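Here is what each chain is made of, one letter per residue.
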Amino acid sequence: MKFTDGYWHYRTNVTPYFPVHVHDVEAESDALVVYGSTKRITQRGDTLNTGLLTVRFSSPLPNVIRVQLWHHKGQRPLHPTFTLNCQPDTHVCIKNEADFASLTSGNLTVRVDKGEDWRVEYRDGERLLTQSGWRGMGYVDVEGNGRFIHEQLGLSVGENVYGLGERFTPFVKNGQVVDLWHEDGGTSSELAYKNVPFYLTNRGYGVFINHPERVSLEIASEKVECVQFSVPGEMLDYCIINGPTPKEVLSRYTALTGRPALPPAWSFGLWLSTSFTTDYDEATVTSFVQGMADRDIPLHVFHFDCFWMKEFHWSNFEWDAHVFPDPQGMLHRLKERGLRISVWINPYIAQRSALFDEGMAQGYLVKKPNGDVWQWDRWQAGMALVDFTNPAAARWFSDKLRTLLDMGVDCFKTDFGERIPTEVVYHDGSDPVRMHNYYTQLYNQTVFELLQAERGPNEAVLFARSATAGGQQFPVHWGGDSTASFESMAESLRGGLSLSLSGFGFWSHDIGGFELTAPADLYKRWCAFGLLSSHSRLHGSGSYRVPWLFDEEAVEVLRHFTKLKCRLMPYLYGAAQEAHTSGVPTMRAMMLEFPDDPACDTLDRQYMLGDSLLVAPIFRQDNVVDYYLPNGRWTHFLTGEVREGGRWQREAYDFFSLPLWVRPNSILPIGSNDNRPDYDFAEDVTLHLYELADGQQRHTNIPSISGDTAATFTVTREGQKITITGEGAPNRWQMLLVGISSVASAEGATTESTARGALIKPTGKNTPVQIMLEK
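These remarks concern the structure in this document. Quantities reported herein were computed from a predicted structural model and do not represent experimental measurements. (Residues numbered from 1 in each chain as written. Predicted model: local features only at pLDDT ≥ 70, side-chain atom pairs only at ≥ 80, totals over all residues. Heavy atoms only, no water.)

### Let's talk about helix 8 (residues 520-531)
The cut-off we apply is this: What counts as a helix is a DSSP run of H or I of at least four residues, what counts as a strand is a run of E of at least two, and both are numbered from the N terminus. A helix is expected to span 1.5 Å for every residue after the first. Here's how the labels work: a residue is buried when its accessible area is under 20% of the maximum for its type, exposed when over 50%, partly exposed in between, all with a 1.4 Å probe on protein chains only.
Compared with the 16 Å implied by 1.5 Å per residue over 12 residues, the 17 Å span of helix 8 between its first and last C-alpha is a close match. Buried residues dominate helix 8, accounting for 11 of its 12 residues. Among all positions of helix 8, only Asp521, Leu522, Tyr523, Lys524, Arg525, Trp526, Cys527, Ala528, Phe529, Gly530 and Leu531 are buried.

### Here's the deal with the layout of surface pockets
Over the atoms rolls a probe the size of a water molecule, and its path tells where empty space is left. The cut-off we apply is this: Space inside and on the surface of the protein is sampled on a 1 Å grid over the protein atoms alone, with a cavity defined as a set of points where a 1.4 Å probe fits but cannot get out and a pocket as an open set with protein on both sides within 12 Å along at least 5 of 7 lines; lining residues have an atom within 4 Å of a point. Grid points are joined across faces, edges and corners, and a volume is the space filled by probe spheres set on the points. Put simply, Ala, Val, Leu, Ile, Met, Phe, Trp, Tyr, Cys and Pro go in the nonpolar bin, Asp, Glu, Lys and Arg in the charged bin, and everything else, Gly too, in the polar bin.
Taken as a whole, the largest pocket encloses approximately 760 Å³ of empty space. Lining the largest pocket are 33 residues, and of these Leu78, His211, Glu213, Pro232 and Arg434 lie nearest its centre. Elements that contribute at least two residues to the lining of the largest pocket include exactly strand 7 (64-70), strand 20 (226-232), strand 21 (235-242) and helix 6 (432-455). Of the residues assigned to the lining of the largest pocket, the class counts are 13 nonpolar, 10 polar and 10 charged. Considered as a void within the structure, the second largest pocket measures approximately 600 Å³ in volume. Around the second largest pocket sit 24 residues that line it, and Glu578, Asp611, His699, Thr700 and Asn701 are the ones nearest its centre. Looking at the lining of the second largest pocket, the elements that each hand over two or more residues are helix 9 (552-582), strand 40 (666-670) and strand 42 (697-703). Of all the elements, helix 9 adds the most residues to the lining of the second largest pocket, at seven residues.

### Observations regarding the nonpolar core
Note the following rule: We call a set of buried residues a nonpolar core when its members are Ala, Val, Leu, Ile, Met, Phe, Trp, Tyr or Cys and they connect through side-chain atoms within 4.5 Å of each other. Two residues form a contact once any of their heavy atoms are found within 4.5 Å.
Counting residues in each nonpolar core, the largest one holds 199 residues, and the members touching the most others are Phe208, Phe304, Trp308, Trp319, Phe412, Leu532 and Phe637. Apart from residues no more than four positions distant in its own chain, Phe208 is found in contact with Phe82, Leu84, Pro197, Phe198, Asp237, Tyr238, Cys239, Ile241, Tyr253, Leu256, Thr257 and Ala469.

### Points about unusual backbone geometry
Put simply, Trp314 and Ser315 share a cis peptide bond, and its omega is -5 degrees. Among the structural elements, Ser315 can be located in the loop between strand 23 (301-304) and helix 3 (327-335). Of the consecutive residues Pro475 and Val476, the connecting peptide bond is found in the cis state with omega at 10 degrees. Within the element layout of this structure, Val476 appears in the loop between helix 6 and strand 28 (477-478). Backbone geometry at Asn49 places phi at a positive 55 degrees, although glycine is not the residue there. Checked against the element boundaries, Asn49 lands in the loop between strand 5 (32-37) and strand 6 (52-61).

### A short note on the sheet that holds strand 47 (residues 749-753)
Note the threshold: Note on pairing: DSSP must find at least two bridges between two strands before they are called paired. Helix axes are fitted only over the stretch in contact, all axes being lines through C-alpha atoms; the angle between N-to-C directions runs from 0 to 180 degrees.
Overall, mixed pairing links the five strands, which are arranged 40-41-45-48-47 in an open sheet. Edge positions in the sheet fall to strand 40 and strand 47, since each has one partner strand and no second. Averaged over neighbouring strand pairs, the angle between their axes works out to 25 degrees when direction is ignored. Judged from the five bridges that link them, strand 40 and strand 41 (residues 685-690) form a sheet pairing that is antiparallel.

### Describing the side chain of Lys413
Note the threshold: Pairing of N or O atoms within 3.5 Å defines a polar contact, subject to two protein rules: one partner must be a possible hydrogen donor and the other a possible acceptor, and residues neighboring in sequence count only if both atoms are side-chain atoms.
Topologically, Lys413 is positioned in strand 27 (residues 411-414). Within polar-contact distance, the side chain of Lys413 engages the side chain of His539 at 3.4 Å. Setting aside anything within four residues of it in sequence, one finds Lys413 in contact with His303, Asp305, Ser342, Val343, Trp344, Ile345, Phe463, Trp478, Arg537 and His539.

### Re the sheet that holds strand 49 (residues 769-773)
Sheet strands line up and pair through hydrogen bonds in the backbone, either parallel or antiparallel. Taken together, the five strands give an open sheet; going across it, the order is 42-43-44-49-46, and neighbouring strands pair in antiparallel fashion. One side of each edge strand has no neighbouring strand; the edge strands of this open sheet are strand 42 and strand 46 (743-747). Each strand of the sheet is rotated relative to its neighbour by a mean of 15 degrees, with strand direction disregarded. Pairing of strand 42 with strand 43 (residues 709-718) involves seven bridges; the strand directions are antiparallel.

### Topic: the packing of aromatic side chains
Aromatic rings considered in pairs are described by the distance between their centres and by the relative angle of their planes. In plain terms, the rule: Ring pairs shown here join Phe, Tyr and Trp side chains whose ring centres sit within 6.5 Å, with only the six-membered ring taken for Trp; geometry is labelled stacked below 30 degrees between planes, edge-to-face above 60, and tilted in between. Charge over a ring is defined by NZ of Lys or CZ of Arg lying within 6 Å of the ring centre and within 35 degrees of the ring normal.
As enumerated under the stated definition, the model contains 46 aromatic pairs in all. Here the aromatic rings of Phe388 and Tyr439 are separated by 5.6 Å at their centres, their planes lie at 65 degrees, and the arrangement is edge-to-face. Of this pair, Phe388 sits in the loop between strand 26 (384-385) and helix 5 (391-407) while Tyr439 is found in helix 6, placing the two residues 51 residues apart along the sequence. A relative accessible area of 7% means that Phe388 is categorised as buried. An angle of 80 degrees between the planes, with centres 6.5 Å apart, marks the rings of Phe397 and Tyr443 as edge-to-face. Pair noted here: Phe397 is in helix 5 and Tyr443 is in helix 6, with a separation of 46 residues, a long-range link. These aromatic residues form a ring-pair network of at least three members: Phe276, Phe307, Trp314, Trp344, Tyr348, Trp379, Phe416 and Phe514. The cationic tip of Arg135 hangs over the ring face of Trp134; the distance from NZ or CZ to the ring centre is 4.4 Å. Sitting over the ring of Trp181, Arg214 keeps its end group 4.3 Å from the ring centre.

### Concerning the pattern of salt bridges
What counts here: Definition used for salt bridges: Asp or Glu carboxyl oxygen within 4 Å of a side-chain nitrogen of Lys or Arg.
Applying the stated criterion across every chain yields a total of 49 salt bridges. Among the salt bridges present, the one from Asp415 reaches Arg465, with a minimum N-O distance of 3.4 Å. Taken together, the residues Asp415 in the loop between strand 27 and helix 6 and Arg465 in the loop between helix 6 and strand 28 connect sequence positions 50 residues apart. Across this residue pair, the class does not change: Asp415 and Arg465 are buried. Shared partners join several salt bridges into a network, and the residues in it are Asp184, Asp415, Glu418, Arg419, Arg465 and Asp481.

### Structural notes on a nonpolar patch on the surface
Stated formally: A patch consists of residues whose relative accessible area exceeds 30% and which take part in no salt bridge; residues with like charges are grouped when within 9 Å of each other, and nonpolar side chains (Val, Leu, Ile, Met, Phe, Trp, Tyr) when within 5 Å. Here the accessible surface of atoms and residues is derived via Shrake-Rupley with a 1.4 Å probe, and residues count as covered only by protein chains that are part of the display.
A cluster of nonpolar side chains, contributed by Tyr7, Trp8 and Trp134, occupies part of the molecular surface with about 490 Å² of accessible area. In this structure, Trp8 sits in the loop between strand 1 (4-5) and strand 2 (9-10). Judged by its relative accessible area of 67%, Trp8 falls in the exposed class.

### Thoughts on helix 7 (residues 486-500)
Between its terminal C-alpha atoms helix 7 stretches 21 Å, which fits the 21 Å expected from 15 residues at 1.5 Å a residue. Where burial is concerned, most of helix 7 is hidden: 14 out of the 15 residues are buried.

### Some points on the side chain of Glu683
Among the secondary structure elements, Glu683 is positioned in the loop between strand 40 and strand 41. Those residues within four positions of Glu683 in sequence are excluded, and the remaining contacts are Ser672, Pro730, Asn731 and Arg732.

### Quick notes on the environment of Phe148
Along the polypeptide, Phe148 turns up in strand 14 (residues 146-154). A residue is classified by how much of its surface remains accessible, and Phe148, at 10% relative accessible area, is buried. Considered as a pair, Phe148 and Gly138 are 10 residues apart in the sequence and their alpha carbons are 8.7 Å apart.

### Things to note about the pairing of strand 6
The buried fraction of strand 6 amounts to eight of the 10 residues, a majority that puts the element mostly inside the structure. Pairing of strand 5 with strand 6 involves six bridges; the strand directions are antiparallel. In the sheet register, Tyr35 faces strand 6, and the bridge partner there is Thr54.

### Examining the pairing of strand 7
In terms of residue burial, strand 7 counts as a mostly covered element, since seven of its seven residues are buried. Of the two faces of strand 7, the one holding Val64, Arg66, Gln68 and Trp70 and the one holding Ile65, Val67 and Leu69 are both buried throughout. The sheet contact formed by strand 6 and strand 7 spans six bridges and is antiparallel. Paired with Val55 across the bridge in strand 7 is Leu69. Connecting strand 6 to the next strand, strand 7, in antiparallel fashion are two residues, including Asn63 with a positive phi near 70 degrees. Across seven bridges, the pairing between strand 7 and strand 21 is antiparallel. Residue Val64 lies in a different strand from strand 21, and its bridge partner there is Ile241.

If you want it as structure tokens, here you go:
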């Protein structure tokens, strides 16, 4: 929201107030409180008829500083609020000197200048991260709109801003005006399904704005030297999160707001949907499933979209008996084929649903201020909203879903949750403006916790569209309504990378695009992109997404990349473990892995899948792709070609390939099963070793499908000697020295020369293996 008219003036309807200088400081045992007068105090009379801004600095976690500022503190507290995992015994060092006051947590310090002018600095040791100076912090009265409180944090030269949820606008947010307000706008607009009040920059810090309501940001836009964020009212609450690396920023942010749960291994396989408005019954579904099997395309999850329920009845959680007369039998037959089952739901109750009268009678539906149930005709005729602030309503909703789980359903696509009205009343008195963005948190949490309770740890997974801060705890999230075009495919990736830099560990998108029907070339390119994402689903709107409807080569391409993903699962599930334990996402913007390479700062058409695989999807009909390889000797995973990085690349690929490069000094554990995503990852694993430099040591953990670590391998190179040790090593494993055709000798192993490199087969389960390379 803009308040100024150029550098010197405010807009005619705006009256600003901001701290001119520090008037007083109070040091508490765990906090620093600073009082800033909104006019210069030179004598006692100046203390009359003026405002005072109260700023409290504290630390909820090491290397995180919380900033709370008030004008008038007497407002009643509003809820909901974000749940923060604060550490009550965080050690802070507080100084209150003659010329400054400071609070230090870990390496992060806030320093408040006591001189003539207001200035607050945030430093990592001696390095300045950002600052709030003259007219940076304050409150404004806007005629006709009330009072707003704001902060302006400085941007240095070359500083880029990322995140703020899943945004399909340019990846670097500088120059953009962003209102964090959930809307159903598809992938081709500035609107967002997932608004997250968190951003990070390439200068080693992040900012979490602790407000679930609408937050307005001017990102190097109104004032090009800063990020301004504002909220209505008298109080602003935010956190500065130190890195210094972007990975450390994300790790601390997710420690504060919640780490992603670990999705089950089976969810990483291929999902196939009925699509949305297509005609389908059990015969259609069976023909799709059998068609995939006949063509040797591994399929792992089948999804029933909206019309598994009868039209005008969404949601009643009952199968349309005219279309599916034997749903339990159908699900049993599908599960006999080894499939998991997903069904579509939303939190809306149509008037024709049998649940409407029940929910109305029990007080489970959101109401208008006059006590009537809130209703409208968008989406479903006369639909109402489940009031998840009512614990009884949440249990009621869960009980209806539990019946489906008992029938054989494994997971739910938790669609919608964005179009939440504000002229309503909630059971627990929640502020309806705050609930607009927060509603989805309660909705997804209710469903996710049901799945955890019924299916057990690491067996719960959603396919959710809307989210806010903390929503990363309930994966997976997908990119919403894209269109069948290369442009929409690229904007989907932009949104996914922005979401991954907002604390979300897992992300998916509709392979082939949701709206319209892709031409065959686009479908095949999207298959490669989709199967090299954390989660992979074929889904459309008015047409099916089975590959044989596009062309026969599409069948081959989908098979190729599905089987490739299954073989990559030991590596991918290890990356998933890392997302779960540290908050570092599986799909990573290049700047996250290469923060010291300025060429990576703006890249949004390629990404790292885990820490070792670079993926550059192809977004052009002529099969040409431009991408950047950072420094080092990279190896193409599919061809074995080695190429020096530190430069841009341009080349053409057929549909069975794309830029898929392995980072030097990497160990890639490759599985033995190309048909399933959930198998014993350690048994018969092949460790692919790439360009290990002299003096380097690398570790890799092989996960189990339960989420534990099944085995750990360490590889060290000293000159021409490579030593391999394993802890918990399986009965059968081997290592491929990629690009090394033969070795001079091997101790504790036999060797075999292959087209891709020397294959090392240990003679004992836990025996250290030593390899001498040829000079």
